[in-house]
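For reference, the chains in residue letters:
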Amino acid sequence: MTTTKLRTTIAGSLPKPAWLAEPETLWAAWKLDGEALAEAKRDAVRLVLRDQEQAGIDVVSDGEQTRRHFVTTFIEGLEGVDFEHKRTVRIRNRYDAAVPVVVAPVARRRPIFVDDAKFLRSQTTRAVKFTLPGPMTMVDTLHDAHYGSREKLAWAFAEILNEEARAMAAAGVDTIQFDEPAFNVYFDEVRDWGVAALERAAEGLGCTTAVHICYGYGIKANIDWKKSLGSEWRQYEQTFPRLAASAIDQVSLECAHSHVPIELIGLLEGKDVLVGAIDVASDRVETPEEVADVIRSALRFVAPERLLPCTNCGMVPLARDVARGKLLALGKGAALVRRELG
Ligand code: ZN
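So, here's what we can say about the structure. All of these numbers come straight from a predicted model, not from anything done at the bench.

1. A few points about unusual backbone geometry
The phi torsion at Arg92 lies on the positive side, around 55 degrees, for a residue other than glycine. Examined against the element boundaries, Arg92 turns out to sit in the loop between strand 2 (79-91) and strand 3 (95-107). Look at Arg92 and you get buried, because its relative accessible area is 5%. In this structure, Asn93 takes a positive phi of about 65 degrees despite not being glycine. Looking at the element boundaries, Asn93 is found in the loop between strand 2 and strand 3.

2. With respect to the coordination of the zinc ion
Protein-derived ligands of the zinc ion are His212 (NE2), Cys214 (SG) and Cys313 (SG), with the metal-ligand distances lying across 2.1 to 2.3 Å. Read from N- to C-terminus, the donor residues coordinating the zinc ion fall into the pattern H-x1-C-x98-C. Across the pair, Cys214 and His212 agree in class, each one buried.

3. A look at the nonpolar core
Ranked by size, the top nonpolar core spans 102 residues in total, and within it Phe74, Leu132, Met168, Ile176, Phe178, Leu243 and Leu253 carry the most contacts. Non-local contacts of Phe74, meaning those with residues more than four positions away in its chain, are made with Ile112, Phe113, Leu132, Pro133, Met138, Ile160, Leu161 and Glu164.

What counts and what doesn't
- Residues numbered from 1 in each chain as written.
- Predicted model: local features only at pLDDT ≥ 70, side-chain atom pairs only at ≥ 80, totals over all residues.
- Heavy atoms only, no water.
- Helix = DSSP H or I, 4+ residues; strand = E, 2+ residues; numbered from the N terminus.
- Buried < 20%, exposed > 50% of the residue type's maximum accessible area, 1.4 Å probe, protein only.
- Donors = N, O, S within 2.8 Å, 3.2 Å for Na, K, Ca; no water.
- Core = buried A, V, L, I, M, F, W, Y, C linked by side-chain atoms within 4.5 Å.
- Contact = heavy atoms within 4.5 Å.

This is the structure:
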């Protein structure tokens, strides 16, 4: 924990340039290949760093410019998974997706994002965050034809993630965040093995560790699901006490324009809280004052040194100018409240 107040950061992805991938599209294919693609990804990382720095974001990331998908791009680097013969399965208990199949023991034979992490570190003097999928969310984005147990497969992924995360931390990454949207769906599994597997993935890293739990991108299946959740979204009530008791340093949650009762963040005592102050399911750019209001309400439960104003989730489906506007609003809103705090 540092003494800086209201350090801003982002939850995950940012839109990609149109020359790299189709804009405003989730999981868009690359428009280049080979060395041209590798160079284009690095150029895109430079641009999103500049956007974040201009907006006054304190803990910056690569905005997932080098990844098509926050889960499967990591899995593509592993052995034991068949991407040729995909299966359509229900994921997050709410929508069908064509996913790769685990056909043999999973293994990491080589670094996957470590070079990307080194490049990110080399391009900015700010603190950098790199995101990885969490073990439960990986299991929930695959069809398993080998392990016969979600828990066993999660433990195998946790060990692999830990190897990768250790190499990233050694490359100078300040924060490693595991994305676990599945934690908002499978509460019994979170209790039985989800938090333990997450802790295994984050064990001994020597850098700040974070977990991001959200209600997903602003796609129709998620918007319909949100409508079914009633006037108060209390899902975090089940997971936050378990995370408060865990070894994870930071918890990233959705807040702006959600029905999450803000007092639930009081369950995260002792943790840094990344409060979502930017709605990623809307094209409307927040005003700095709106961002400041979310921060002020969160400050009733979290000290300013432990509160990191953040986005609700990834922004890859948004137009670039909308995302840039939202980053600026985030930086300005945090600055407003910082001035009030003195
Ligand atoms: Zn998210």
